[in-house]
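In case you want the letters, here they are:
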Amino acid sequence: EAGVTQSPTHLIKTRGQQATLRCSPISGHTSVYWYQQALGLGLQFLLWYDEGEERNRGNFPPRFSGRQFPNYSSELNVNALELEDSALYLCASSWGDRGWSREQFFGPGTRLTVL
Amino acid sequence: GDSVTQMEGPVTLSEEAFLTINCTYTATGYPSLFWYVQYPGEGLQLLLKATKADDKGSNKGFEATYRKETTSFHLEKGSVQVSDSAVYFCALYTGNQFYFGTGTSLTVIP
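Attention in this report is confined to the structure presented alongside it. (Residues numbered from 1 in each chain as written. Chains lettered and ligands numbered in written order. Predicted model: local features only at pLDDT ≥ 70, side-chain atom pairs only at ≥ 80, totals over all residues. Heavy atoms only, no water.)

### Re the overall build of chain A
When you go through chain A residue by residue, the secondary structure sums to zero helices and 11 strands. In sequence order, chain A lays out its α and β elements as β-β-β-β-β-β-β-β-β-β-β. Computed over C-alpha atoms, the radius of gyration of chain A comes to 13 Å, within 12% of the 13 Å expected from 2.2 N^0.38 for 115 residues, which places it in the range of a compact globule. For chain A, the spread of C-alpha atoms along the principal axes amounts to about 40 × 30 × 25 Å. Looking at chain A residue by residue over its 115 residues, the buried ones come to 50%. Pairs at least 24 apart in sequence give 54% of the contacts found in chain A among residues at least 6 apart. (Helix = DSSP H or I, 4+ residues; strand = E, 2+ residues; numbered from the N terminus. Rg over C-alpha atoms; globule rule 2.2 N^0.38 Å. Buried < 20%, exposed > 50% of the residue type's maximum accessible area, 1.4 Å probe, protein only. Contact = heavy atoms within 4.5 Å.)

Have a look at this one:
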């Protein structure tokens, strides 16, 4: 069974540009989560999509946005890039609502560097 | 608000030593608790979980018990191996959102 895949592996942008990151969940998973892993800050929750709808978002500005497609894959868009957006962006997927378990399976991440 | 506080690292142990990585949480209701591990060059993967009070999660010799009275979920292993060298993350799911700790780096030396 294929795991969670993310593309691209690395992305280099300059300040003010826009970045688009992509994630394909494990087959059968309907929930996709996005996290930012900046050095020394652990994982910061960004967004959660389930069945095509945004379920929750973390404490990030509106220039971080995304969507989930009918095949459950997802995009994360970051507009007006700032230097501090440089981080590893992780995507995870899980089955839909199955009570309190919600084991997440993580992708390898996209390393975004903003120059 | 809800949060997870994890023991700061890095932690360096000799092979066969006893490991404890502390994790405490703040949450209303009855969250689920997790430990994730990130081995060098690999993505995060679930190590163990507990979904209700007094549950004990276990995997690969690691254990953690969900203690509601002390709001803790400490990770333990009786005898660590070099292959356990990794970063360990404690996580909390409240039904609305996941919260992760900052991670604890463990290095096991032969």
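### Thoughts on the nonpolar core
Residue and element names in this part refer to chain B. Trp35, Leu47, Leu48, Phe73, Leu75 and Tyr88 are the most contacted members of the largest nonpolar core, which has 26 residues in total. Broken down by element, the residue count for this core peaks at four residues, all from strand S10 (residues 86-93). Residue contacts for Tyr88: discarding those within four places in its chain leaves Gln6, Ile21, Trp35, Tyr36, Val37, Leu47, Phe62, Leu75, Gly103, Thr104 and Leu106. (Core = buried A, V, L, I, M, F, W, Y, C linked by side-chain atoms within 4.5 Å.)

### Regarding the interface of chain B and chain A
Every contact between the two is made by 20 residues of chain B and, on the other side, 21 residues of chain A. Carbon and sulfur atoms make up 57% of the area that chain B and chain A hide from each other, which totals about 1,600 Å². For the interface between chain B and chain A, the tally reads zero salt bridges. Linking chain B to chain A there are two residue pairs in polar contact (both at pLDDT 80 or more). Elements with a contribution of two residues or more to the side of chain B that touches chain A: strand S5 (32-38), strand S6 (44-50), S10 and strand S11 (98-100) of chain B. Tallying contributions element by element places S5 of chain B first for the side of chain B that touches chain A, with four residues. Counted by class, the side of chain B that touches chain A contains nine nonpolar, 10 polar and one charged residues. (Buried area = accessible area lost by both parts, 1.4 Å probe. Salt bridge = Lys/Arg side-chain N within 4 Å of Asp/Glu carboxyl O. Polar contact = N/O pair within 3.5 Å; in protein donor to acceptor, adjacent residues only side chain to side chain. Nonpolar A, V, L, I, M, F, W, Y, C, P; charged D, E, K, R; others polar.)

### Things to note about the pairing of strand S7 (residues 64-68) of chain A
Residue and element names in this part refer to chain A. Looking at chain direction, S7 and strand S8 (residues 74-78) are connected through five bridges and run antiparallel. What sits directly across from Phe64, in S8, is Val78. Remark: five residues form the turn of the hairpin made by S7 and S8, two consecutive strands paired antiparallel; Tyr72 in that turn has positive phi of roughly 75°. (Pairing = 2+ DSSP bridges.)

### Looking at the sheet that holds strand S3 (residues 19-24) of chain A
Residue and element names in this part refer to chain A. Here four strands make up an open sheet; going across it, the order is S1-S3-S8-S7 and the pairing antiparallel. Since the sheet does not close on itself, it has two edges, and those belong to strand S1 (5-7) and S7, each with one partner. For this sheet the average axis-to-axis angle between neighbouring strands, irrespective of direction, equals 15°. (Axes fitted to C-alpha atoms, helices over the stretch in contact; angles between N-to-C directions.)

### Concerning the pairing of S3 of chain A
Residues and elements named next belong to chain A. Going residue by residue along S3, you find Ala19, Leu21 and Cys23 tucked away on one face and Thr20, Arg22 and Ser24 left uncovered on the opposite face. Sheet analysis places S1 next to S3, joined by three bridges and oriented antiparallel. Bridge pairing in S3 links Thr5 to Ser24. Pairing analysis gives five bridges linking S3 to S8, with the strands arranged antiparallel. Paired with Arg22 across the bridge in S8 is Glu75.

### Re the layout of surface pockets
Taken as a whole, the largest pocket holds about 540 Å³ of empty space. The wall of the largest pocket is formed by 26 residues, among which Gln37, Leu39, Leu88 and Arg111 of chain A together with Gln38 of chain B lie closest to the centre. Of the residues that constitute the lining of the largest pocket, the class distribution is eight nonpolar, 15 polar and three charged. Taken as a whole, the second largest pocket spans an internal volume of roughly 300 Å³. Of all elements in the fold, only strand S5 (43-50) of chain A together with strand S1 (3-6) and S11 of chain B reach the threshold of two or more residues within the lining of the second largest pocket. Tallied by class, residues from the lining of the second largest pocket come to nine nonpolar, seven polar and one charged. (1 Å grid on protein atoms, 1.4 Å probe; cavity = no way out; pocket = protein on both sides within 12 Å on 5 of 7 lines; lining within 4 Å. Points joined across faces, edges and corners; volume = space filled by probe spheres on them.)

### Some points on the packing of aromatic side chains
For the structure on display, the rule yields 17 aromatic pairs over all chains. Centre to centre, the rings of Tyr35 of chain A and Phe45 of chain A are 6.0 Å apart; their planes meet at 65°, and the pair counts as edge-to-face. With Tyr35 of chain A in strand S4 (residues 31-37) and Phe45 of chain A in strand S5, this pair connects stretches of sequence that are 10 residues apart. A network of ring pairs unites the aromatic residues Tyr33, Tyr35, Phe45, Trp48 and Phe106 of chain A together with Phe34, Tyr36, Tyr93, Phe98 and Phe100 of chain B as a single cluster. Taking the ring centre of Trp48 of chain A as reference, the NZ or CZ of Arg55 of chain A above it sits at 4.4 Å. (Phe/Tyr/Trp six-rings, centres within 6.5 Å; stacked < 30°, edge-to-face > 60°. Lys NZ or Arg CZ within 6 Å of the ring centre and 35° of its normal.)

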